[in-house]
Each structure stands twice: as structure tokens, then as C-alpha cells.
Amino acid sequence: MVEATSRVVNARVVTPSGTIHGGMAAKDGKIVAIGSDSSLPEADETIDADGNYLIPGIICPHNHMGISRYENDYHTQYELDMETETKACLAGGVTSFFTFLLQEEPYVPDMDFFVDTGEQQSYIDFGFHAIVHQDHHIDEIDALAAEGIRSFKLFFNMYKTSAPELGIGHSDAGRVYTVLKKTAEMENAVVMFHAENDDLGPVKVEEIKSEGRDDLSAWADASPGISQAMQIEQIGMLTEHTGATTYVVHNSMEETVDALGRYNDRGVSIHGETLPSFLANHCEDEDVGTWGKISPPIGYKSDQEALWKALRNGTFDHVGTDHCPYQLEFKGPRDGSVWEAPPGDQGLQTFLPLMLSEGVNKNRISMERLVEVCSTNNAKRFGIYPRKGALVEGADADAVIVDLQKEFTVDEDYLYGLDNRWCSSFGRELTGAPTHTIKGGELVVEHNDVLTEGGIGSYLPRYEDGVQLAE
């Protein structure tokens, strides 16, 4: 019989072929058996799931380490965030993520720093997307692919005038075309887009300000759904024209569903992502305040329900967090001015709990579909499947036990991270949470207590055939 060092029993195991009653056995960091309890080998350590769900570790495809410029430069903040934010990930059941590299300088000379620092600090496995916002970044694309990066982000007609402190160069249609044409010839390459129109934005902002409005709905109306849909139309056309694969991040409003759906129906390889921040909140929620300021904005109740429907029917196949770790002093008070607060939410640790509480427990999404859009599809899209994203033999033994009845409050006692004093769902009572996180077959979190130190994460470079399987 197969030998194992650890196993989980008495679980409802979500597998690619269906949900079964049984468990998982692991050895040397990999899954060696999935099946009924009686079929699993004996192990040195056994965890009883008490009839709860066992799902693959959640994979966040979208977050920003090092983005805060409040106290430190980018490299220093990246180093700090790769420790604090990945610890929060582990507590919340996120066992792998992809974070964005963002600097004006070329990336390749700094790749050793990004990888080595990440592996020294991180609690989870990680990969990178590169934000292409300078001409020399385009020149680096082949070299970045050789370093294991095959996903690239463009700010198409965005940040021409807004957020100059980020130092992001916007992309016009010519730059977009050049990058799409180049990546269309690259195996497993994906071009990611922030779809929001920064020509319309400043005009709308002044219009809303002139009405004396200063709340989250004002922010929503200053960048309405058509602002996102206008850009998606052009991205869809250019994707079809070049034969590339594209991925539109953080869709927040109903108009994006229609735009993406039409291109999907035509067979264009354009894919949509949304965020728990949009699925769990709407802009008229009185308890959210400026801590819910995001770009693009949280929409209205009708937008929220349209996003859930899009997740169910496959118009959207991905969920990420767009986690931006800021100190509270930088983000500002919850009842402050929406015009003065920087955009961004902290959502890595609440990613899975919000999807459970607002999704599964409110019958908006099944547990099986949650696994698809929060783990499996993210692994497939960004080249780390089947090593990650599914409970199958030979995969990394990253898994989460989930209790749908567990009640808790999102507060300072619950949250880890750079600053545990705020997020859009802060103070909210949720039902449904991870109780145990298993990484590489080792129990690393039990009831929100992190049982390991940082530095256990590994870089996940992706090549023509995806990520290499663990030996």
C-alpha cells in the first residue's frame, strides 16, 4: 500500500470529478491518495475534518505587493509585504498567489531580488505578472518569459491623469496591439487589462464633485459601468484581431458582463475576473465607507447580482482580490472623503470567507463552482495546473478544510497582514470559514492560528508547458 505522512479523513472532498466522502493522504509534499477513508493509507498524522468540506488551496491571481509608498520604496515594501500578506493568505486558506511587479526600471535585472526575497519571506508559493507600462518593458517580454513570467498587464487608456504617484505609464491602442501581437506567438501567454477609461473619468469626477457628493456611490457614478465596457470593447476587438489571449481584471459592473459575454459568444479568447469586494458589497452599503474605495468602483446592488450571475453562468471564470496592503494612516478613516482616500482594498484573508458567507451560504454559488473560479481556473489560466488547483494524485498537497457553519467577526483579532485595522468588510459578521490550512501536506493553520514561520514558499516559474511539477 502507498505510504503517507499525513492525511485528512471524514471530509466532503471536492475533486474535479465530483464531491466524495473520504479524504486525502500526502507524502513528501504531494497528494498520494484521494478516496474513501477506508482506501487511504495509514499516516503519521491524521486530521478529522468532522464532515466538513476539503477543497484545494485557494489561488489569488491578482494582488499588489509593495504598492504602498507611505513609508518605504517599492523594493523595501515588497520585502515586508511578502511576509505579512502571505501570512494572512495562509490563515485565510490562500496557498498560492500571483502578484504584480511594478516599477519604471527594467524587471529582468531585479528578478533575483524578487524571487530570492519572496522565498525568504513568503508563507505561500508565488508567481509574478509583469506590468508593461514602458517601452523597454515590451523589449523584455521574451527575457521575462525565460524567467518564468508569461502574464503581462496593461493599463489601456488608464492612469493618464489619475494616480500619478503610482508612476504608471498608460498604454494606448498601439502599445496594446504591439504586446498582443508579440504574446500571441508565445505559448501560454496571457495579457491582463485594467479596463477603465481615463478620458471620461476626470470629466465625470468634476461633474459629481460639483453636485457636492462625497461618498461611495459618488465614486461609483464618477466611473460608471460604461467606462469599463468602452475599454472591453476595444480589448475584445484587438484580442480577436491578433489571436492573443486576454484577461480583464476586477470587473465591477453589469455593463462588463454584457461586453465580455458577446466576445465569449464569438469565440474570442477574452476572460473575465471579479472580486469578493464587489460580490460582498455595494456602494450604498452604509457600513463600507471609504474603505471600499477601489478602482474600478464598487457598483450598485443590481451590479452585484449581475456579477454573481456571471460567475454562475461562466461569463466570468475567475475571482481574485486586487489586494493592496496599505497602512490605515495612508488609506484614511472609514468616514473620510472618498476623493482623498487612495483606491484599494485588503482582501486576501477574507477572500475565501466572503465567497463562503456571501456565495455558498446564500445559494448564489455552489461549493464546486467556488473551487473552480477561486482555484482550479486560476491555476489553469496562469500555467500552474495540475500541480495546483485540484485535489488529485500527484498534485501539491495544498488543501483547506472549510466549515460552512463557523461564525466569526472580521476584526483586529481575526486579521493578519500589514495593517489589521481595516478592510471593506471590517466589522462584518460572516458565516463560513476555513478551519485548517494544509500546505505541502503539513498542517500550517488551525482555527486561524498560524503554526509555521515564513520562508516556506517557493517561486512558481512558468515555461512553455507551464510550471514544473514538484519532484
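Residues numbered from 1 in each chain as written. Predicted model: local features only at pLDDT ≥ 70, side-chain atom pairs only at ≥ 80, totals over all residues. Heavy atoms only, no water.

Per an unreviewed UniProt entry, the chain carries the name Dihydropyrimidinase/dihydroorotase and comes from Natronorubrum thiooxidans.

1. With respect to the overall build of the chain
What counts, and what does not: In this description a helix means any DSSP run of H or I spanning at least four residues, a strand means any run of E spanning at least two, and both kinds are numbered starting from the N terminus. Relative accessibility decides the category of a residue: with a 1.4 Å probe and only protein chains considered, values under 20% of the type maximum give buried, values over 50% give exposed, and everything between is partly exposed. Contacts between residues were defined by any pair of non-hydrogen atoms, one from each residue, lying within 4.5 Å. Only the protein chains shown count as cover for residues, with accessible areas throughout obtained via the Shrake-Rupley method and a probe of 1.4 Å. In this tally Asp and Glu are treated as negative and Lys and Arg as positive; neither His nor the chain ends contributes. Taken as the charge centre is NZ of Lys, CZ of Arg, CG of Asp or CD of Glu, depending on the residue.
A count of helices and strands for the chain gives 14 helices and 19 strands. Taking the principal axes of the C-alpha coordinates as reference, the chain spans close to 70 × 50 × 45 Å. Expressed as a percentage of its 471 residues, the buried residues of the chain come to 62%. In the chain, 77% of the contacts between residues at least 6 apart in sequence involve partners at least 24 apart. Surface accessibility of the chain: about 17,000 Å² in total, with carbon and sulfur atoms responsible for 44%. Each charge class in the chain can be summarised by its mean position, and for the 35 positive and 78 negative side chains these summaries are 5 Å apart.

2. Considerations on the packing of aromatic side chains
Rules: Pairing of aromatic rings covers Phe, Tyr and Trp, the last counted by its six-membered ring, and requires centre-to-centre distances within 6.5 Å; plane angles under 30 degrees mean stacked, over 60 mean edge-to-face, and any other angle means tilted. In our convention, an over-ring charge means Lys NZ or Arg CZ found within 6 Å of a ring centre and within 35 degrees of that ring's normal.
A full pass over the atoms with the stated rule returns 16 aromatic pairs. Note on Phe 128 and Tyr 459: the rings are 5.4 Å apart at their centroids and 35° apart in plane angle, and the pair reads as tilted. Residue Phe 128 is located in strand β8 (residues 125-131), and its partner Tyr 459 is located in the loop between β17 (449-450) and β18 (462-463); the two are separated by 331 residues in the primary sequence. Judged by its relative accessible area of 0%, Phe 128 falls in the buried class. A ring pair is formed by Trp 291 and Phe 426, whose centres lie 6.0 Å apart and whose planes are at 90°; its orientation type is edge-to-face. Of this pair, Trp 291 sits in the loop between α10 (276-280) and α11 (301-313) while Phe 426 sits in the loop between β14 (399-409) and β15 (429-439), and the two are 135 residues apart along the sequence. The residues Trp 291 and Phe 426 share a single accessibility class, namely buried. One aromatic cluster is present, built from ring pairs that chain together Tyr 74, Tyr 78, Phe 113, Phe 114, Phe 126, Phe 128 and Tyr 459. Seen from the ring of Trp 219, Lys 293 lies directly overhead, with NZ or CZ sitting 4.3 Å from the centre.

3. Thoughts on the domain arrangement of the chain
Selection rule: For the purposes of this description, domain bounds are those given by an automatic or database domain assignment. Throughout, buried area stands for the accessible area (probe radius 1.4 Å) lost by two parts on being put together, summed over both. Salt bridge, as used here, is a side-chain nitrogen of Lys or Arg placed within 4 Å of a carboxyl oxygen of Asp or Glu.
Domain parsing of the chain yields domain 1 (4-55 + 394-450) and domain 2 (58-382). Between the C-alpha centres of domain 1 and domain 2 the distance comes to 26 Å. Carbon and sulfur atoms supply 62% of the area buried between domain 1 and domain 2, which totals about 3,400 Å² over both sides. For the pair domain 1 and domain 2, the number of links is 3 salt bridges.

4. Overview of empty space enclosed by the protein
What counts, and what does not: Each cavity reported here is a set of points on a 1 Å grid over the protein atoms alone in which a 1.4 Å probe fits but cannot get out, each pocket an open set with protein on both sides within 12 Å along at least five of seven lines, and each lining residue one with an atom within 4 Å of a point. Grid points are joined across faces, edges and corners, and a volume is the space filled by probe spheres set on the points. Classification convention: Asp, Glu, Lys, Arg as charged; Ala, Val, Leu, Ile, Met, Phe, Trp, Tyr, Cys, Pro as nonpolar; all other residues, Gly among them, as polar.
For the structure on display, the rule yields 6 cavities of 30 Å³ or more. Counted as a void, the largest cavity has a volume near 110 Å³. Lining the largest cavity are 16 residues, and of these His 323, Gln 346, Leu 415, Tyr 416 and Asp 419 lie nearest its centre. Here the lining of the largest cavity is built from residues that sort into 7 nonpolar, 7 polar and 2 charged. Counting contributing residues, the lining of the largest cavity receives three or more from each of domain 1 (4-55 + 394-450) and domain 2 (58-382).

5. Side note on the side chain of Ser 252
Using the following cut-off: Any pair of N or O atoms that falls within 3.5 Å is considered a polar contact. Within protein, one atom must be able to donate a hydrogen and the other to accept it, and sequence-neighbouring residues count only if both atoms are side-chain atoms.
Inspection of the secondary structure puts Ser 252 in the loop between β11 (246-248) and α9 (254-265). With a relative accessible area of 1%, Ser 252 lands in the buried category. In this structure the side chain of Ser 252 is engaged in a polar contact, spanning 2.9 Å, whose partner is the side chain of Gln 228. Beyond its immediate chain neighbours, meaning those up to four positions away, Ser 252 contacts Gln 228, Phe 278, Pro 296, Pro 297, Gly 299, Asp 303 and Leu 307.

6. Examining a negative patch on the surface
Applicable threshold: Like charges are joined within 9 Å and nonpolar side chains (Val, Leu, Ile, Met, Phe, Trp, Tyr) within 5 Å, but only among residues with over 30% relative accessible area and no salt bridge; these make up the patches.
Together, Asp 44, Glu 45, Glu 442, Glu 446 and Asp 449 make up a region of like negative charge exposed at the surface. Checked against the element boundaries, Glu 446 lands in strand β16 (residues 442-446). The partly exposed category is assigned to Glu 446, whose relative accessible area is 34%.

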